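Residue-level structural notes
Residues per chain, in single letters:
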Amino acid sequence: MSVLYIHFGDGGGIGEELYTRLLALLAEYTPVVQALPPDAALADVGGSLRYFGVDAPALAERIRARTGGLYGVRSTVGVASNPMLARMVAADGPPSAVRVLPDDVDAVAAFLARKPAAALHGVGPKTARTLCSYGLDSVARIADAPLGTLQRILGASAGRRLHDAARGIDPTPVTPAAPARSLTAEHRFGHDELDRDRQRAALLTLTDRIGLRLRAEQQVARALTLTVRYADRSTTTRTRRLPEPTAHTQALTALARDLHDRLGLQRARVRALALRAEDLTAAELATHQLTFDPSDAKARSLEAAADRARSRFGPEAVHPAAAMDVGAA
């Protein structure tokens, strides 16, 4: 066991500045830290254990204690032999704990056997429903299914990945990477939200807040990442590049809602939504494709007027009528 998955906080958002500090704290224990914005990270501590004279669970306890003592952040740490298992064991219970999955074939099989298909990292609600339609509603049943069956259902590469994952195999390495310059907004619902319209309303407010910040800082984004956190604390993350770099709320909203719609969350119990604008650059360096659509020009003029009102009277002075009150990080 040498891989740690660390989730900072309890799902309410920690902010970009604090997140950067927490990543710097992890770097004191190992140089192999992979940022997973907005509030998590992977760390391979295999090369650090001898130096600190402890095993991986003890080092995880030390890290959790320091995040709490220095920054008041309650962290949850999963300790396992690979990133997938570390993520899963971290989510296997209430927050603020260190959970360990021994590097033992029988222990891994027993741990996975009782999990639903959606608990496997990378299996979203749509894939889970497809698997359930074939009777593959648990990791144990997926593990017992022949490789050829999974490949006929999901395709060759996806079937192979699922076949390995159901046996606790994840060849993905922890890749050292700092978070790219980004802006993040997150909303945590007061209860597990099933209503698609309320989820879309939350997305509208997130894109409105991100767009306002981008324009205020004279920046544009080249991509958006949507993270959906479910009632069982599992997550689905999707990223897509924008057609052109933009800070225009209407363009950000269109892409965010398309990402959301493609997940097929009709029956998913959603606990939180996070939206991150990525690959930021100065607005003056970006190009905008001219259009003869009068509605686009009108929308941008209204947006500029709203920005002026917010600059004078505060960010709550003007906001989309269909949005809901959510926070930005």
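Details of the structure are given in the entry above.
The notes below deal with the structure included here. (Residues numbered from 1 in each chain as written. Predicted model: local features only at pLDDT ≥ 70, side-chain atom pairs only at ≥ 80, totals over all residues. Heavy atoms only, no water.)

Observations regarding the overall build of the protein chain
Applied cut-off: Comment: elements are numbered from the N terminus, with helices defined as DSSP H or I runs of at least four residues and strands as E runs of at least two. The cut-offs for exposure are 20% and 50% of the maximum accessible area for each residue type, with area from a 1.4 Å probe on protein chains only; residues under the lower value are buried, those over the upper are exposed, and the others partly exposed. Two residues form a contact once any of their heavy atoms are found within 4.5 Å. Here the Shrake-Rupley method, with its probe set to 1.4 Å, supplies the accessible areas, and only the displayed protein chains count as covering residues.
In terms of helices and strands, the protein chain carries 12 helices and 10 strands. Burial analysis of the protein chain (329 residues in total) assigns 47% to the buried set. Taking the contacts inside the protein chain whose residues are at least 6 apart along the sequence as the reference set, 69% of them involve residues at least 24 apart. Put simply, the protein chain shows about 16,000 Å² of open surface, and 53% of that area lies on carbon and sulfur atoms.

Overview of the sheet that holds strand S5 (residues 98-100)
So the rule is basically this: A pair of strands is labelled paired if DSSP reports no fewer than 2 bridges between them. Working convention: axes come from line fits to C-alpha atoms, limited for helices to the stretch in contact. Angles between N-to-C directions cover 0 to 180 degrees.
One open sheet accounts for 5 strands, arranged S2-S3-S1-S4-S5; its pairing is mixed. Among the strands making up the open sheet, the edge pair consists of strand S2 (33-36) and S5. Direction aside, the axes of adjacent strands within the sheet are offset by 15° on average. Of the pairings in the sheet, the one linking strand S1 (residues 3-8) to strand S4 (residues 75-80) comprises 6 bridges and is antiparallel in character. When the sheet's bridge partners are listed, Phe-8 is paired in S4 with Ser-75. Together, S1, S2 and strand S3 (40-44) form the strand contacts of helix H1 (residues 16-27), whose direction differs from that of S2 by roughly 160°. Across the sheet, helix H4 (residues 83-90) lies against S1, S2, S3, S4 and S5, angled at about 135° from S4, the strand it touches most.

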